[in-house]
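Working through the structure, step by step
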Amino acid sequence: MSLLYSLLAACLWGAGQIFIKIGVEDISPVYTNILSAFVMLVITIPFALLTGVHFNLVLSTYLFALMVATLSISYYYVIRLGQISLTGTIIATYPIITVLLSFLFLHENPSTFQKFSIILTIAGTIIIALPEKMNSLRKIKLGNWFWWGLFGSGDYGVSFFLNKVIIDKSDT
């Protein structure tokens, strides 16, 4: 069942990036971040109150939550910079960063299957991001979109790693 939910989340994530790209062409990324933060508060505050808030943990997790929010700000800026099929694909490699950080700092060792999946993700990203003329590899010019996409991927990877640290610090 978790595979079904994961595939559904991937489809919704992909569709969401299209809508975000359309939205940031007319609206500033600053406004988009403010709107996103407001929507998150409207959703998470009632959820937290229903599931039980442990106010004694707020101070110990606040710094991590602030870092997660700060890192997530770059997403809307990166999406705005290039074709969504390219920047979105590069950003979508963030789980590789998350796995690497969780291996280094949380000592979570990925399985052989997960390592193979990481290799497939890297290969798929390279194939999607390369220009149509693959026979002229020497002439490939990685534009700004690529470097900003990598930056966004790093931001999101660190952000999800820090989310895990926050979850581990909480007792829920």
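Residues numbered from 1 in each chain as written. Predicted model: local features only at pLDDT ≥ 70, side-chain atom pairs only at ≥ 80, totals over all residues. Heavy atoms only, no water.

All right, on to the overall build of the chain then. When its secondary structure is counted, the chain shows 8 helices and 0 strands. Taken from N to C terminus, the helices and strands of the chain fall in the order α-α-α-α-α-α-α-α. Relative to its full complement of 172 residues, the chain shows a buried share of 28%. A fraction of 86% describes how many contacts in the chain between residues 6 or more apart in sequence connect residues 24 or more apart. Only carbon and sulfur atoms are counted for the fraction: they give 73% of the accessible area of the chain, which is about 12,000 Å². (Helix = DSSP H or I, 4+ residues; strand = E, 2+ residues; numbered from the N terminus. Buried < 20%, exposed > 50% of the residue type's maximum accessible area, 1.4 Å probe, protein only. Contact = heavy atoms within 4.5 Å. Areas by Shrake-Rupley, 256 points an atom, 1.4 Å probe, with all protein chains shown as cover.)

Looking now at the layout of surface pockets. Each pocket or cavity is described by its volume, and for the second largest pocket that value is around 970 Å³. In terms of lining residues, the second largest pocket is bounded by 31 residues, among which Ala 92, Tyr 94, Pro 95, Ile 96 and Thr 121 are the most central. Put simply, the parts of the chain that give the lining of the second largest pocket at least two residues each are α1 (2-24), α5 (84-91), α6 (94-105) and α7 (112-129). Looking at the lining of the second largest pocket residue by residue, the class counts come to 16 nonpolar, 14 polar and 1 charged. (1 Å grid on protein atoms, 1.4 Å probe; cavity = no way out; pocket = protein on both sides within 12 Å on 5 of 7 lines; lining within 4 Å. Points joined across faces, edges and corners; volume = space filled by probe spheres on them. Nonpolar A, V, L, I, M, F, W, Y, C, P; charged D, E, K, R; others polar.)

Interaxial distance between α1 and helix α4 (residues 74-81) falls to 9 Å at its minimum, and their mutual angle equals 75°. As judged from the angle between their axes, α1 and α4 are roughly perpendicular. Residues Trp 13, Gln 17, Ile 20, Lys 21 and Val 24 of α1 form the contact with α4, whose participating residues are Tyr 75, Tyr 76, Ile 79 and Arg 80. Residues that form the contact of α1 with α4 fall into these classes: 6 nonpolar, 1 polar and 2 charged. (Axes fitted to C-alpha atoms, helices over the stretch in contact; angles between N-to-C directions. Parallel < 35°, antiparallel > 145°, perpendicular 65-115°, else oblique.)

A few words on unusual backbone geometry. Although it is not a glycine, His 107 adopts a positive phi angle of roughly 60°. Position of His 107 among the secondary structure elements: in the loop between α6 and α7.

What follows is about the nonpolar core. A general trend in soluble globular proteins is that nonpolar side chains are found buried together. Core analysis: the largest hydrophobic core is formed by 9 residues, namely Val 24, Tyr 75, Tyr 76, Val 78, Ile 79, Ile 84, Ile 91, Tyr 94 and Tyr 156. Residue assignment for this core shows that the elements contributing at least two residues are α4 and α5. When residues in this core are grouped by element, the largest group, 4 residues, is from α4. Leaving out residues up to four positions away in the same chain, Tyr 94 has contacts with Ser 153, Tyr 156, Gly 157 and Phe 160. Listed in part, the 7 residues of the second largest apolar core include Val 68, Leu 71, Phe 161 and Val 165. (Core = buried A, V, L, I, M, F, W, Y, C linked by side-chain atoms within 4.5 Å.)

All told, the structure shown has 1 aromatic pair when counted by the stated rule. Judged by centre distance (5.9 Å) and plane angle (50°), the rings of Phe 105 and Phe 161 are tilted. Taken together, the positions of Phe 105 in helix α6 and Phe 161 in helix α8 (residues 144-169) put the pair 56 residues apart, joining distant regions of the chain. With a relative accessible area of 10%, Phe 161 lands in the buried category. (Phe/Tyr/Trp six-rings, centres within 6.5 Å; stacked < 30°, edge-to-face > 60°.)

Moving on: the confidence of the model for the chain. Taken over all residues, the pLDDT of the chain has a mean of 75, while the share at 70 or more is 85%. Ranking the elements of the chain by mean pLDDT puts helix α3 (residues 58-72) last, at 73, and α6 first, at 84. (pLDDT = per-residue confidence, 0-100.)

Along the polypeptide, Val 78 turns up in helix α4. With a relative accessible area of 1%, Val 78 lands in the buried category. Beyond its immediate chain neighbours, meaning those up to four positions away, Val 78 contacts Thr 87, Ile 91, Trp 148, Gly 149 and Gly 152.

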